[in-house]
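What the coordinates show
The primary structure of each chain is shown beneath.
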Amino acid sequence: MSRYEEARKMYAALGADTEAALDTLKDVSVSVNCWQGDDLQGFDSPDKLSGGIQATGNYPGAARTPEELAADHDFAFSLMPGKKKLNLHSSYAVYEKGEVPDRSDIRPRHFKWWVDYAKERGLGIDFNPTFFSHPMVKNNLTLSSPDEEVRNYWIRHGKCCIRLAQYFAEETGMPSVVNIWIPDGYKDYPADRIGPRARFKASLDEILAEPRDPEKVFVTLESKVFGIGLEAYTVGSAEFCLAYAQEKGITPLMDNGHYHPTETVSDKISSLLLFHREIGLHLTRPMRWDSDHVVLFEDEIREIAKEIVRCKALDRVFIATDFFDGAINRISAWVTGVRSVQKALLYALLQPSEKLTALQNSADFTSLMVAQEELKTAPFGDVWDEYLSRCGVVKDYLPLVKKYESDVLSKR
Ligand code: RNT
Ligand code: ZN
């Protein structure tokens with residue numbers, strides 16, 4: 001009997017159906033953050049990364065052009081099983097030689113290059129306005145700035161991005177998630193906390209006035225607790241973003257690096273699912289702060305995946321990765337991170353949720369504890385390997401990444 005056959009029987013004895021799990025997983029799409037490929041540098045501004053976020057490390061071979069980034073995507077995607085979506089930032093616009101980039105006037109032609117790329121590969125596109133790493137971010141403020149010139153510049157940017165998402169959805173035939181996150185905040189105690197939030201609210205209202213097809217374009221709003229250099233106050237806090245999303249009927253997005261360290265996103269998912277048709281997630285690995293380390297197959301990511309599965313919400317959660325590590329081979333980082341998310345989903349699909357819930361409801365917490373512990377040492381790896389082989393993806397990707405590094409990356 002093959003290892004998988006053996007595992008299938010062992011899981012069946014625990015109450016889980018491996019065939020059903022494998023079948024479900026292959027249709028779950030993960031939106032892959034393009035910015036792991038170049039430490040979030042983008043193509044439209046020589047400015048260093050700013051906005052309270054940081055990529056650290058100077059591993060050689062980062063993509064410098066759309067062609068290089070696309071080639072790296074192709075290679076990385078070939079090593080990831082399952083469905084993928086392309087997740088772009090507006091800073092990855094492709095300009096003609098001599099054209100001066102202007103984020104307040106980005107048009108479909110600046111993204112036609114990526115649309116062609118996506119269409120050739122049958123990929124959908126998610127999108128992010130880029131409210132950072134730019135000279136029009138003044139005093140760390142964008143949509144909440146008291147300077148109307150600054151605020152209006154970024155409102156125009158937001159509107160452009162909604163129009164672009166509509167264009168992506170129409171061209172690819174797949175919905176486009178357009179995620180708004182602003183870095184705005186203060187390093188030290190502000191004198192006025194409500195003013196910036198009121199301006200942010202008014203700016204969002206203007207951006208959302210942009211027409212769009214709500215079945216094709218999903219606007220998400222991402223909150224944050226604090227950023228580096230912005231420790232005292234964050235305009236787009238959790239309360240602000242949740243209340244705003246609720247009132248305006250847009251989609252809340254939670255990044256699991258954006259909460260106080262003892263809060264867990266896994267515990268928040270069920271609450272939001274009771275009040276929103278869809279929710280968005282940015283999956284990352286915060287190491288003591290919002291460090292955006294590569295996602296690994298760890299407890300909290302498994303717990304997040306379990307919540308999505310147990311709530312039967314795989315079709316209501318926009319799952320995206322958000323990490324950027326410049327200290328290691330960036331392609332390996334991409335593959336490890338995305339595979340970790342997929343592993344967590346498979347792990348979650350192999351939980352006998354109904355049986356466990358029945359134990360909880362009958363208050364048999366002793367049996368619940370034993371059953372949950374038992375599952376941790378079930379032969380998960382054999383089911384994962386089976387998934388990779390059914391998807392036609394190699395298990396041991398590192399030799400291929402090393403070869404790509406010497407053939408391609410080392411020549412950059
Ligand atoms: C920053 C947010 C945001 C960015 C990306 C690049 O803290 O998490 O989502 O990481 O937009
Ligand atoms: Zn994020």
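Residues numbered from 1 in each chain as written. Chains lettered and ligands numbered in written order. Predicted model: local features only at pLDDT ≥ 70, side-chain atom pairs only at ≥ 80, totals over all residues. Heavy atoms only, no water.

What about the pairing of strand S6 (residues 217-222)?
Stated precisely, the cut-off is as follows: Any residue under 20% of the maximum accessible area for its type is buried, any over 50% is exposed, and the rest in between are partly exposed; the area is computed with a 1.4 Å probe on protein chains only. Here a helix means four or more residues in a row that DSSP labels H or I, a strand means two or more in a row labelled E, and each is numbered from the N terminus. By this definition, two strands are paired if DSSP reports at least two bridges between them.
Here S6 lies mainly inside the structure; 6 of its 6 residues are buried. Here S6 shows two buried faces, one formed by Val217, Val219 and Leu221 and the other by Phe218, Thr220 and Glu222. When S6 meets strand S8 (residues 251-255), the two strands line up parallel, connected through 3 bridges. Across the sheet, the residue bridging to Glu222 is Leu253, located in S8.

Side note on the coordination of the zinc ion (ligand 2)
Octahedral metals with six donors have ideal donor angles of 90 or 180 degrees. Tetrahedral metals with four donors have an ideal donor angle of 109.5 degrees. Operational definition: Donor atoms: N, O and S within 2.8 Å of the metal, or within 3.2 Å for Na, K and Ca. Because water is excluded, sites can look incomplete. Tetrahedral means four donors with every angle between 85 and 135 degrees, whereas square planar (four donors) and octahedral (six donors) require angles over 155 degrees between opposite donors and between 65 and 115 for all others; sites fitting neither are termed irregular.
Protein-derived ligands of the zinc ion (ligand 2) are Glu222 (OE), Asp255 (OD), His282 (ND1) and Asp322 (OD), with the metal-ligand distances lying across 2.1 to 2.2 Å. Coordination at the zinc ion (ligand 2) is octahedral: its 6 donor atoms span angles of 71 to 170° at the metal. Each donor residue of the zinc ion (ligand 2) lies on the same chain, and together they follow the pattern E-x32-D-x26-H-x39-D. Remark: Asp322 occurs in the loop between strand S10 (317-321) and helix H10 (330-349) and Glu222 occurs in strand S6; sequence separation between them is 100 residues. Asp322 matches Glu222 in its accessibility class, with the two residues each being buried.

Focus on the packing of helix H5 (residues 148-172) against helix H6 (residues 194-208)
As a reminder of what qualifies: Comment: axis = line fitted to C-alpha atoms, over the contacting stretch for helices; angle = value between 0 and 180 degrees taken between N-to-C directions. Here a crossing is called left-handed whenever its near helix is offset anticlockwise from the far helix by less than a right angle, and right-handed whenever the offset is clockwise. Contacts: residue pairs with any heavy atoms within 4.5 Å of one another. The residue classification treats Ala, Val, Leu, Ile, Met, Phe, Trp, Tyr, Cys and Pro as nonpolar and Asp, Glu, Lys and Arg as charged. All others, Gly included, are polar.
Running from N to C, H5 and H6 cross one another at 35°; their axes reach a closest spacing of 8 Å. In terms of crossing hand, the pair formed by H5 and H6 is right-handed. Residues Arg151, Trp154, Ile155, Gly158, Lys159 and Ile162 of H5 lie in contact with H6, whose contacting residues are Arg199, Ala202, Ser203, Glu206, Ile207 and Leu208. Looking at the contact of H5 with H6 residue by residue, the classes come out as 6 nonpolar, 2 polar and 4 charged.

Section: the site of ligand 1
What counts is decided by this rule: Nearness is judged by heavy atoms alone; a residue qualifies as near a molecule or strand once a single heavy atom is within 4 Å of it. Distance and chemistry together define a polar contact, namely a pair of N or O atoms within 3.5 Å, with one atom able to donate a hydrogen and the other to accept it when in protein, and with adjacent residues in sequence counting only for side-chain atoms on both sides. Under the convention used here, a 1.4 Å probe and the Shrake-Rupley method define accessible areas, while residue burial counts only the protein chains that appear.
What surrounds ligand 1 is a group of 13 residues, the closest being His89, Glu222, Lys224, Asp255 and Asp322. Between His89 and ligand 1, the recorded distance is 2.8 Å, taken from a side-chain N or O atom to an oxygen atom. The separation between an oxygen atom of ligand 1 and a polar side-chain atom of Lys224 is 2.7 Å. Relative to its unbound accessible area of 300 Å², ligand 1 is 99% covered by the protein chains. Residues that form the shell around ligand 1 fall into these classes: 5 nonpolar, 3 polar and 5 charged.

Comments concerning the packing of helix H2 (residues 18-25) against helix H13 (residues 380-390)
In a pair of packed helices, the angle between the axes and the distance between the axes together describe the arrangement. Put simply, the rule is: Roughly parallel here means an angle under 35 degrees, roughly antiparallel means over 145, roughly perpendicular means 65 to 115, and every remaining angle is called oblique.
Two elements in contact, H2 and H13, have axes whose closest approach is 11 Å; the angle formed by their N-to-C orientations is 45°. Between H2 and H13, the crossing angle belongs to the class labelled oblique. Judged by the twist between their axes, the crossing of H2 over H13 is right-handed. When H2 is examined against H13, the residues Thr18, Glu19, Leu22 and Leu25 are found in contact with a partner set consisting of Val383, Glu386, Tyr387 and Arg390.

What to know about the packing of aromatic side chains
Cut-off, in case you're wondering: Aromatic rings from Phe, Tyr and Trp, with only the six-membered ring used for Trp, were paired whenever their centres fell within 6.5 Å, and each pair was classed as stacked if the ring planes differed by under 30 degrees, edge-to-face if by over 60, and tilted otherwise. Counted as over-ring charges are cases with an Arg CZ or a Lys NZ within 6 Å of the ring centre that also lie within 35 degrees of the ring normal.
Enumeration over the complete set of coordinates arrives at 19 aromatic pairs. On the numbers, 5.8 Å between centres and 80° between planes, the contact of Phe297 with Tyr347 is edge-to-face. Of this pair, Phe297 sits in the loop between strand S9 (279-283) and helix H9 (299-310) while Tyr347 is found in helix H10, placing the two residues 50 residues apart along the sequence. Ring centres of Tyr347 and Phe380 lie 5.4 Å apart, and the angle between their planes is 70°; this geometry places the pair in the edge-to-face category. With Tyr347 in helix H10 and Phe380 in helix H13, the pair connects residues that are 33 residues apart, well separated along the chain. Overall, the relative accessible area of 8% leaves Tyr347 in the buried class. Relative accessible area serves as the criterion here: at 9%, Phe380 is assigned to the buried category. Through a chain of ring-to-ring contacts, three or more aromatic side chains come together here, namely Phe111, Phe127, Tyr167 and Phe168. The lysine or arginine in question, Arg302, covers the ring of Phe297, its NZ or CZ lying 4.6 Å from the ring centre. We note Arg302 situated over the ring of Tyr347; from NZ or CZ to the ring centre the distance is 5.3 Å.

Some remarks on the pattern of salt bridges
Cut-off, in case you're wondering: For this document, the term salt bridge refers to a Lys or Arg side-chain nitrogen within 4 Å of an Asp or Glu carboxyl oxygen.
The tally for this structure, following the rule as stated, stands at 34 salt bridges. We note a salt bridge from Lys119 to Glu171, for which the minimum N-O separation is 2.5 Å. Of this pair, Lys119 sits in helix H4 (residues 112-121) while Glu171 sits in helix H5; the two residues are 52 residues apart in sequence, bridging distant segments of the chain. Note that Asp213 is salt-bridged to Lys216, the shortest N-O span being 4.0 Å. By relative accessible area, which is 33% here, Lys216 ends up partly exposed. In the salt-bridge network here, residues are joined through shared partners; they are Arg64, Glu68, Asp72 and Arg412.

Thoughts on the side chain of Ser144
Among the secondary structure elements, Ser144 is positioned in the loop between strand S3 (125-128) and H5. Among the polar contacts listed, one links the side chain of Ser144 to the side chain of Asp184, at a separation of 2.8 Å. The contacts of Ser144, once residues within four sequence positions are left out, are Asp184, Pro196, Arg199, Phe200 and Val235.

Here's the deal with the nonpolar core
As a reminder, the rule being used: Take the buried residues of types Ala, Val, Leu, Ile, Met, Phe, Trp, Tyr and Cys, join any two whose side-chain atoms come within 4.5 Å, and each joined set is a nonpolar core.
Judged by nonpolar contacts, the single largest core of 122 residues is most densely connected at Phe111, Trp114, Leu143, Ile269, Leu281, Ile331 and Leu346. No other element matches H10, which puts 12 residues into this core. Not counting residues within four places of it along the chain, the set of residues in contact with Leu143 comprises Phe131, Arg151, Trp154, Ile155, Ile182, Asp184, Arg199, Phe200, Ser203, Leu204 and Ile207.

Concerning H5
Note the threshold: Working rule for helices: expected span equals 1.5 Å times residues minus one.
Over its 25 residues, H5 extends 36 Å from the first C-alpha to the last, a length consistent with the 36 Å expected when each residue adds 1.5 Å. Its side-chain oxygen at 2.9 Å from the backbone nitrogen of Glu149, Asp147 defines the N-terminal cap of H5. The positive-phi residue at the C-terminal boundary of H5 is Gly173, with phi of around 75°.

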